[in-house]
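The lines below spell out each chain.
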Amino acid sequence: RSNRPRKQLAPKNPNTKKFNTISTPPLSSVSGGQATTFTRLPPKDDFFIPSESSSEIKLSDLAVPIHKQNKHSSVGKHKIIEDDLESDSDEEDFDYGKFELFEVNSDDEFDDDEYVIDELGFENKGEEELELELEEDEREKEKGVPAVMRCFDRAKIYVRSGDGGNGVVAFRREKFVPLGGPSGGDGGRGGNVYLEVDSSMNSLLPFRNSIHFRAGRGGHGQGSKMNGAKGEEVVVKVPPGTVVRAAGKDGVPGDVLMELLHPGDRALLLPGGRGGRGNASFKSGTNKVPRIAENGEEGPEMWLELELKLVADIGIVGAPNAGKSTFLSVISAAQPNIANYPFTTLLPNLGVVSFDYDASIVVADLPGLLEGAHSGFGLGHEFLRHTERCSALVHIVDGSSQQPEYEYDAVRLELEMFSPEIAEKPYIVAYNKMDLPDAYEKWESFQKNLQSRGIEPFCISAMNRQGTRELITAAYELVRERIEDKKGESWREPTHFSHVAEMVKKQRTAPINEFEIFHDSASNTWNVEGAGLQRFVQMTNWRYMDSDRRFQHVLEACGVNKSLIKRGVKEGDTVIIGEMEMVWHDSPNNSGPNRKISTDSVKWADWK
Ligand SMILES: Nc1nc2c(ncn2[C@@H]2O[C@H](COP(=O)(O)OP(=O)(O)OP(=O)(O)O)[C@@H](O)[C@H]2O)c(=O)[nH]1
Ligand SMILES: [Mg+2]
């Protein structure tokens, strides 16, 4: 059952079936212009078709529990009695030793084990995935980049909102009332999937081991018109600066869905499926004893690619071992690893620098850069894109290196090769380790060299905290304007984040009479594709007597039958709608177009 196809929101291979993707199927050819009077089903009762022939359900006339109404008036309840049935609380008042008749197969109607959600919303990986990842680790090692560095700012995760709970068919049974009215409640809504910025996170490493996030299924409806509970929600926490993409295919990156930059940013990504209606909701003037209830609507699923681009105002760049981390540690409370060997820093560190005048900036210390890093040598280039959001750079040069000018040029070249955009950012050059005689001696020539190019370098001793305050203050001056602009940026529209959810919702309201028919003459198969129809099929619960009839009625009313006939469907042809595979039977007994799709040979495609 787990193999059952689901709504896939991620872009799919073009050669897989088109339906079930978030891109609304082409609506152009409602084949042959078979518009019927039934243009669009109303939103709340979207699939509700009043039963046209209630002849078999004569019992309905007996169902009106008149004496109840009398009870109500005599007790003088100030309750609005909506129909001839009782509301739930009244049942507590009058206990007639009633019981309820559930018209379901007891075997699996309420079996929802498969939807149990792990408390953290995480799921263990299948073996296959683990293997894949191990392989990936191997490859990374070969390239000399530990996987942990890659996982720092990239992750691929799977999210799925909860399915709606199923509606149920139940009838009230009470003493003196042979058959009460329908009392099956609606299923609860499936849990939503949210994305939320957690300011305490600064990497995507937590997603290295937990990549599945599933919201809970809505509870099933119950008797006494009790509706199912809402499914548990899942909130996926991401660090500030996370770019969310739909997972790409074949190396082509997917569309950017949203950028979650600031603490407090929160997006509803996938709304849970609607609960299926119970038979109480299907009661109508013509059908007082509806033996029908819907399945809960499936919650959509998708794969996401997360990419973190640190949100820092200033990035510290430089050759390995230049003293970048030392500098960060003396200007902020951050405590990065500092050691006298290259590539001590493997992952970026963030520090907050507070100034007296009630201003603060975020500074990122990046792994060391070296010649050729842009083309995959070394490690630092993995993280250069984290400077994309910085407003300015501080370039630290190791004054004790053999040729500080050469080191400076090599790193600048590196930046330019990686991204001209980054190279164009304003920057300050800081000549470090002035406390060492080696560095002290070469300072003058370094300074002259840079001055000749119009650059005024700073000299500092990060270790002794000399010149560091001046340096960071100068850097702040470079970015002050932009930071103040940012502060002025008013509250951003929440709709900013909602377009995926909007798409899902839009697809859910896709009219049922908008479909396309594809014919495969080799196999005599007719594919009827339309988001509205597909949803309708998925929500139809075939266990219940009236479901078939309603299904037929909808196919008739929305023009599917007519269109098929017009296109030349023949006895015995296969007709596929959503997950349903059917056989077409011509039956002259029926009125109207005189043909119907028979569900005699209903079988579930792809069910195991
Ligand atoms: N004498 C002296 N040593 C310094 C100074 N600043 C840093 N160091 C030393 O230089 C070494 C490297 O410092 P880090 O801050 O780890 O350098 P880094 O640029 O972060 O190095 P990576 O992370 O490997 O790229 C450490 O041993 C520091 O103690 C300084 O101003 N004077
Ligand atoms: Mg470092």
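Residues numbered from 1 in each chain as written. Chains lettered and ligands numbered in written order. Predicted model: local features only at pLDDT ≥ 70, side-chain atom pairs only at ≥ 80, totals over all residues.

Visitor: Hey, could you run me through the overall build of the chain in this one?
Guide: The helix and strand inventory of the chain stands at 14 helices and 21 strands. Burial statistics for the chain: of 608 residues in total, 41% are counted as buried. Pairs at least 24 residues apart make up 73% of the contacts formed inside the chain by residues separated by at least 6 positions. (Helix = DSSP H or I, 4+ residues; strand = E, 2+ residues; numbered from the N terminus. Buried ≥ 20, exposed ≤ 12 C-beta atoms within 10 Å, placed from the backbone. Contact = placed C-beta atoms within 7 Å.)

Visitor: Explain the sheet that holds strand 2 (residues 154-160) here, please?
Guide: By definition, the strands of a sheet pair up through backbone hydrogen bonds, in either a parallel or an antiparallel sense. Read from one edge of the open sheet, five strands run 5-2-10-7-8, paired in mixed fashion. Edge positions in the open sheet fall to strand 5 (212-214) and strand 8 (256-260), since each of these has one partner strand only. Here the average twist between neighbouring strands, direction ignored, is 25°. Taken together, the five bridges between strand 7 (residues 242-246) and strand 10 (residues 301-308) define a ladder with antiparallel strand orientation. Paired with Val243 across the bridge in strand 10 is Glu307. (Pairing = 2+ DSSP bridges. Axes fitted to C-alpha atoms, helices over the stretch in contact; angles between N-to-C directions.)

Visitor: What should I look at first to understand the site of ligand 1 in this one?
Guide: The immediate surroundings of ligand 1 are formed by 24 residues, with Gly323, Ser325, Asn340, Thr345 and Gly368 found nearest. The dominant element in the shell around ligand 1, judged by the number of residues it contributes, is helix 5 (residues 324-331), at three residues. Residue classes in the shell around ligand 1 are distributed as ten nonpolar, eleven polar and three charged. (Near = placed C-beta within 6 Å. Nonpolar A, V, L, I, M, F, W, Y, C, P; charged D, E, K, R; others polar.)

Visitor: Explain unusual backbone geometry to me, please; I cannot follow it from the model alone.
Guide: With a phi close to 70°, Lys433 is a non-glycine residue in the positive phi region. Among the structural elements, Lys433 can be located in the loop between strand 15 (427-432) and helix 9 (437-452). Classification of Lys433 by C-beta neighbours within 10 Å gives buried; the count is 26. The backbone of Arg465 shows a phi angle near 60°, a positive value even though the residue is not glycine. Judged by local crowding, Arg465 falls into the partly exposed class, with 14 C-beta atoms found within 10 Å.

Visitor: Hey, could you run me through the sheet that holds strand 6 (residues 234-238) in this one?
Guide: Strand order in the open sheet formed by three strands is 6-4-9, with mixed pairing between adjacent strands. If you trace the sheet from one side to the other, it starts and ends with strand 6 and strand 9 (266-270), each paired once. Ignoring strand direction, the axes of neighbouring strands in this sheet form an average angle of 25°. Note that strand 4 (residues 193-197) and strand 9 share four bridges and pair antiparallel. For Leu195, the partnering residue across the bridge sits in strand 9 and is Ala267.

Visitor: What should I look at first to understand the environment of Ala215 in this one?
Guide: With respect to the secondary-structure elements, Ala215 resides in the loop between strand 5 and strand 6. Remark: the alpha-carbon pair of Ala215 and Val159, spanning 56 residues in sequence, is separated by 8.1 Å.

Visitor: Looking at this model, I keep getting lost on the pairing of strand 17 (residues 516-520). Mind explaining?
Guide: Within a regular beta strand, the side chains point alternately toward one face of the sheet and then the other, so they alternate between its two faces. Pairing geometry for strand 17 and strand 18 (residues 525-529), over five bridges, is antiparallel. Bridging from a neighbouring strand, Asp520 pairs with Thr525 of strand 18. In sequence, strand 17 turns back onto strand 18 through a hairpin of four residues, with Asn524 there showing a positive phi of about 50°.

Visitor: Just to check I follow, could you spell out the confidence of the model for the chain for this structure?
Guide: Do not read the fine detail of predicted coordinates wherever pLDDT is low. Chain-level statistics for the chain give a pLDDT mean of 71 and a share of 67% at 70 or above. Note on residues 1-5: pLDDT under 50 across the span, and ten contacts to partners over four residues away in sequence or across chains. Of the regions scoring below 50 in pLDDT, residues 138-142 engages in four contacts with residues more than four places distant in sequence or in other chains. Reported confidence for the predicted complex is 0.98 by ipTM and 0.66 by pTM. (pLDDT = per-residue confidence, 0-100.)

Visitor: Explain the nonpolar core to me, please; I cannot follow it from the model alone.
Guide: Residues Val394 and Ala430 are the most contacted members of the largest nonpolar core, which totals 79 residues. Two domains each donate at least three residues to this core, and these are domain 2 (59-308) and domain 3 (314-488). With sequence-adjacent residues up to four places away left out, Ala430 is seen in contact with Val394, His395, Ile396, Val397, Pro457, Phe458, Ile460 and Leu471. Counting residues in hydrophobic clusters, the runner-up holds 20 residues, among them Trp526, Leu533, Val560 and Ile577. (Core = buried A, V, L, I, M, F, W, Y, C linked by C-beta atoms within 7 Å. Domains from an automatic or database assignment.)

Visitor: I tried to follow the environment of Thr242 on my own but got confused; where do I start?
Guide: Relative to the elements of secondary structure, Thr242 occurs in strand 7. On the basis of neighbour counts, which here come to 26 C-beta atoms within 10 Å, the residue Thr242 falls in the buried class. Along the primary structure Thr242 and Glu305 are separated by 63 residues, whereas in three dimensions their C-alpha atoms are 9.8 Å apart. Setting aside chain neighbours within four positions, we find Thr242 in contact with Leu260, Leu306 and Leu308.

Visitor: Would you mind showing me how to read helix 9 here?
Guide: Count 3.6 residues to each turn of an α-helix, and residues three or four apart come out pointing the same way. Between its first and last C-alpha atoms helix 9 spans 24 Å; for 16 residues at 1.5 Å apiece the expected length is 22 Å, and the two agree. Its axis deflected by about 40° at Trp443, helix 9 carries its strongest bend there. Just downstream of helix 9, Gly454 is the residue with a positive phi angle, here 85°. (Expected span 1.5 Å × (residues − 1). Bend = angle between axes of the 7 residues up to and from the residue.)

Visitor: For this particular structure, what's the right way to read helix 7 (residues 404-418)?
Guide: Helix length check: helix 7, at 15 residues, gives a terminal C-alpha distance of 21 Å against a target of 21 Å (1.5 Å per residue), a fit within 8%. For helix 7, the complete set of buried residues consists of Pro404, Glu407, Tyr408, Val411, Glu414 and Leu415. Burial along helix 7 is one-sided: seen end-on, the buried residues are contained in an arc of 125°. Lining the buried residues of helix 7 we find strand 11 (314-318), strand 14 (392-398), helix 8 (420-423), strand 15 and helix 9. (Arc of directions from axis to C-beta.)

Visitor: What should I look at first to understand the environment of Arg189 in this one?
Guide: Along the polypeptide, Arg189 turns up in the loop between strand 3 (170-173) and strand 4. Given 27 C-beta atoms within 10 Å, Arg189 falls into the buried group. Through-space distance from the C-alpha of Arg189 to that of Pro271 is 9.1 Å; in sequence the pair is 82 residues apart. Not counting the four nearest positions on each side in its chain, Arg189 is found in contact with Gly164, Gly218, Lys230, Gly231, Gly272, Arg274 and Gly275.

Visitor: Looking at this structure, how should I read the pairing of strand 15?
Guide: Taken across its six residues, strand 15 has six buried, putting it largely inside the fold. Of the two faces of strand 15, the one lined by Tyr427, Val429 and Tyr431 and the one lined by Ile428, Ala430 and Asn432 are each fully buried. Pairing between strand 15 and strand 16 (residues 458-459): two bridges, direction parallel. When the bridges of strand 16 are listed, Tyr431 appears paired with Cys459. Taken together, strand 15, helix 9 and strand 16 form a β-α-β motif whose crossover is right-handed. (Right-handed = clockwise from strand over helix to strand, strands pointing away.)

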